Amino acid sequence: MRVTLLGTGDTTGTPTVGCDCETCQLARERNLERTRFSVHVQNGRTGECLLVDASPDFRYQFLRDGVALPDAAIITHIHFDHLDGLGNVFRLLRDIDVYAADETDPQTGQSVAETIERDYHYLDAVTVEARPPLEPFETCGLEVTLVPVVHPPLVCYGLAIEDPETGAKLSITGDTTYAIPDESRAVLADPDLLLAEAIVPAHLCDKHPMGGRDEGPDGVPRTFGTKHMTREGALALADELEATKTRLVHVAHFYPADEAFEEPLAIDGEQYEL
């Protein structure tokens, strides 16, 4: 299983348009990027490719990293930075199965799958495949499980992706607070590679109107505001899940410049063989 991190940034990416903060300036100087979130997974046995979330930077990411177009996709939630790149399949693909949860969101009155079907009804190539959370399904020769996480006000899901023949496992937290339900943690546990959302370091929580929460034994917040994990929360989760390797993703440009590109924060283009 080859995993390519197409996009490791949050909703504005790094460098952010129109921003001259030290972190964005450093990113430009070093030619480093964190475009909007997306992950490419290639099954080495079958050659099939699975896309996790359709970034608005879809076209640029695929050209830059030279990966194959997807045979299937999974959408974790309906925020634009994870969904709106789906329109890029127009004239590129004859057909693509797009998997998403079938659980009705009280906020929208629709499931993620229903929202995709409504918003992209004009794309003949797209076939939406609704799947229940916590029930494994197969696509691209891989076993995939959608797991509920906490990203209010919308429903959102993380993923466990496993090769049933080799046992290689990729876990993705999705956009979430630290308070991931126990049943979801059990599915995400013991990955060879964990991609954990870590939007900012915990010391920036005092700049959020809602502050921080889910404090660890050391008093350090593991949740930033109400819907994202801190760096410290993501690392604590990685320890609990006993991840072999962890990369922190969905990273904002608010990290101070001297921390923004330190390990284990990911940047675009990283590849891993599982």
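Residues numbered from 1 in each chain as written. Predicted model: local features only at pLDDT ≥ 70, side-chain atom pairs only at ≥ 80, totals over all residues. Heavy atoms only, no water.

1. Examining the environment of I116
Then step 1. Relative to the elements of secondary structure, I116 occurs in helix α4 (residues 112-119).
Then step 2. We classify I116 as buried; its relative accessible area is 0%.
Then step 3. With 30 residues separating them in the primary sequence, I116 and L86 have C-alpha atoms 9.1 Å apart.
Then step 4. Beyond its immediate sequence surroundings of up to four residues, I116 is in contact with I75, L83, L86, V98, A100, H121 and V128. (Helix = DSSP H or I, 4+ residues; strand = E, 2+ residues; numbered from the N terminus. Buried < 20%, exposed > 50% of the residue type's maximum accessible area, 1.4 Å probe, protein only. Contact = heavy atoms within 4.5 Å.)

2. What to know about empty space enclosed by the protein
Gaps between atoms show up when a probe of the same size as a water molecule is rolled over them.
Then step 1. For the structure shown, the criterion picks out 2 cavities of 30 Å³ or more.
Then step 2. Here the largest cavity is characterised by a volume of approximately 50 Å³.
Then step 3. Together, F37, D53, T76, H82, I172, T173, G174, D175, L195, E197, V249 and H250 line the largest cavity.
Then step 4. A breakdown of the residues in the lining of the largest cavity according to their chemical character gives 4 nonpolar, 5 polar and 3 charged. (1 Å grid on protein atoms, 1.4 Å probe; cavity = no way out; pocket = protein on both sides within 12 Å on 5 of 7 lines; lining within 4 Å. Points joined across faces, edges and corners; volume = space filled by probe spheres on them. Nonpolar A, V, L, I, M, F, W, Y, C, P; charged D, E, K, R; others polar.)

3. Brief notes about the pattern of salt bridges
Then step 1. All chains considered together, the criterion is met by 15 salt bridges.
Then step 2. The residue D119 makes a salt bridge to R118 at a minimum N-O spacing of 2.8 Å.
Then step 3. Given the relative accessible area of 33%, D119 is considered partly exposed.
Then step 4. The exposure class assigned to R118 is partly exposed, which follows from its relative accessible area of 47%.
Then step 5. A salt bridge links R222 to E240; the shortest N-O distance between them is 3.6 Å. Residue R222 is located in strand β13 (residues 221-224), and its partner E240 is located in helix α6 (residues 231-241); the two are separated by 18 residues in the primary sequence.
Then step 6. On the accessibility criterion, R222 (16% relative accessible area) is buried.
Then step 7. Residue classification places E240 among the partly exposed positions, given a relative accessible area of 42%. (Salt bridge = Lys/Arg side-chain N within 4 Å of Asp/Glu carboxyl O.)

Honestly, that's just the spatial picture; any functional story needs more than this.
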